[in-house]
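Descriptive structure summary
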Amino acid sequence: MDSQQEKDQSLRLSVGTVAAGMAIVVALNAGMAMLPETWTSFDVTDQKLYSITDDTREYLDSLDQDVTIYVLSAKDDADDILKKTLTNYEEGSDHITVTYIDPTVNPNFAAQYTDQSVSANSLFVVSGDRSTVISYDDIYEYGTDSSGYYSTVTGYDGEGQITSALQYVTREDMPVFYELTGHDETEISGDFLDVLTKANIELESLDLLQNDAVPADCAALIINGPQSDLSEDDYNKIAAYLEAGGSLFATLDYAAYDQLDRYQKLLADYGISSPGGIVADLDHSYYYQNPYYLLPYVASTDVTGDLTGYSSVFAPFMVGLQVSDDDTYTYTTILSTSDSAVAKIPLQSGYKLRGGGRRRGGILYRRTFPDHGTGWPDLCLRSDSDVYGRGQ
């Protein structure tokens, strides 16, 4: 590859494949959302609740458009935690102004931005001609206590909602992800779809029978647990998209993967394969209730962030993954089991257990360029698919 080709390819990576990193964060958060509330709830009186992360501070430093955040409340009556969060945003950027609107004084204010009824303490984020509404109901997360009768606060999402809204009103072009259809894939839904929406990612369906190629605006292609194999034509179109610098977020269904020759070939082109079988972990700290309901370790990478560590992500019915030792590629294991994991291999009659210790359940793949180091992932593979669909 000559120098100009390397520069062109590196540019495609810097623009397009950053979306794969976004998909990984979205996917891991969806996995976390499936855990029981008792595993993920926290004390909402903690002072850190209304502080903002370093990532948000960096985003605020880069903000170059004026944004006004209107709070539907008199300032003295506003939610104290939300008020402190907003103060941190206002102090973090000269381009952000927070204004409190007393609905008793200005009862028609909300009608300028929405025809829906909104509750007190809801936010209206406005920049130029673009605006969006954050319902106060979306800022806190609720569940029931152990008795099942009383509602309790299980989470606070002020920072996530506000940063998402800021990005929405200050960006003209939102990234578009396409989910492949036509092979009985699991449709993206539930928590994963919610987090994609919150990340300001547009999701479109893609039937390659109706398209000559993967669309040019595809920031990342999602293939979620196909049950039937790719056609030769589908394989060629996806391979061409990836070869041109595209990004792929793929998952495996343990019950179907062994029968999908071309899908296996697509991943094998990047040095990734699976020995088959469903993974069970015999270490109690690595599963929830059932050895197949895995709670894998999340590795510290530039895209996993605060999810790093144990018991953060739910990964049921995982398939073990293997990677090539070809140094053309760089692989990072993002999900892994304990050393006590085994694989349940189906046979014509019954099954057998294969030992072998630690298994990979998620991989970031990066293509390495001699002059440019390693870019964002070309491919993210998770070896479970139920987390992302079926209405969880």
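Just so you know, the residues in each chain are numbered from 1, in the order the chain's sequence is written. Note on the predicted model: pLDDT of at least 70 is required for a residue's local features to be given, and 80 or more for side-chain atom pairs to be given and counted; whole-chain, interface and lining totals, by contrast, use all residues. The basis for every side-chain value is the complete set of heavy atoms in the structure, and neither hydrogens nor water enter the calculation.

**A short note on the sheet that holds strand β13 (residues 287-288)**
Note the cut-off: By definition, two strands form a pair when at least two bridges between them are found by DSSP. Helix and strand labels come from DSSP, where a helix needs a run of H or I of at least four residues and a strand needs a run of E of at least two; each type is numbered from the N terminus.
One open sheet accounts for three strands, arranged β13-β14-β16; its pairing is antiparallel. Each edge of the open sheet is held by one strand with a lone partner, namely β13 and β16 (315-316).

**Considerations on the pairing of strand β5 (residues 140-144)**
Across five bridges, β5 lies against strand β6 (residues 151-156) in antiparallel orientation. Across the sheet, T144 pairs through a bridge with S151, a residue of β6. Linking β5 back to β6 in an antiparallel pair, the connection comprises six residues, with G148 at a positive phi of about 85°.

**Notes on the sheet that holds strand β1 (residues 67-71)**
Just so we agree on the cut-off: Here an axis means a line fitted to C-alpha atoms, over the contact stretch when the element is a helix, while the angle between two N-to-C directions is reported on a 0 to 180 degree scale.
Within the open sheet, the four strands sit side by side as β2-β1-β3-β4. Their pairing is mixed. Edge positions in the sheet fall to β2 (96-100) and β4 (130-134), since each has one partner strand and no second. The sheet shows a mean angle of 20° between the axes of neighbouring strands, taken without regard to direction. Two strands pair when backbone bridges link them, and strand β3 (residues 123-127) and β4 are joined in this way by five bridges, in the antiparallel orientation.

**Examining a negative patch on the surface**
Our working definition: A patch consists of residues whose relative accessible area exceeds 30% and which take part in no salt bridge; residues with like charges are grouped when within 9 Å of each other, and nonpolar side chains (Val, Leu, Ile, Met, Phe, Trp, Tyr) when within 5 Å. For accessible areas, the Shrake-Rupley method is used with a probe of radius 1.4 Å. Any residue's cover is judged against the shown protein chains and nothing else. A side-chain nitrogen of Lys or Arg and a carboxyl oxygen of Asp or Glu constitute a salt bridge if their distance falls within 4 Å. Under the counting rule used here, the positive set is Lys and Arg, the negative set is Asp and Glu, and His together with the chain ends is not counted. Taken as the charge location is NZ of Lys, CZ of Arg, CG of Asp or CD of Glu.
Taken together, the side chains of D54, D55, E58 and D61 present a region of like negative charge at the surface. Looking at where D61 falls in the secondary structure, it is placed in helix α3 (residues 54-62).

**Remarks on the confidence of the model for the protein chain**
As a reminder, the rule being used: A residue's pLDDT is the confidence the predictor assigns to it, expressed on a 0 to 100 scale. Note on contacts: a residue pair qualifies if any of its non-hydrogen atoms lie within 4.5 Å across the two residues.
Here the protein chain averages 78 in pLDDT, and 73% of its residues register 70 or above. Low confidence marks residues 1-26, where pLDDT is under 50. Its contacts with residues over four positions away, or in another chain, come to 52 contacts. Within the model, the stretch residues 28-35 combines pLDDT values under 50 with 30 contacts to residues more than four positions away or in other chains.

**A few points about the pairing of strand β7 (residues 176-180)**
Along any regular strand, the residues point their side chains to alternate faces of the sheet. Selection rule: Summary of the burial criterion: residues with accessible area below 20% of their type's maximum are buried, those above 50% are exposed, and those between are partly exposed, where the area comes from a 1.4 Å probe applied to protein chains only. By convention, a crossover is right-handed whenever its connection, traced from the first strand over the helix to the second and viewed with the strands pointing away, goes clockwise.
Most of β7 is tucked away: five of the five residues are buried. Side chains of β7 alternate between two faces, with V176, Y178 and L180 and F177 and E179 buried alike. Where β7 and strand β8 (residues 202-206) come together, five bridges link them in parallel fashion. For Y178, the partnering residue across the bridge sits in β8 and is E204. Handedness of the β7-helix α7 (residues 190-198)-β8 crossover: right-handed. Where β7 meets strand β9 (residues 218-224), four bridges bridge the pair, whose relative direction is parallel.

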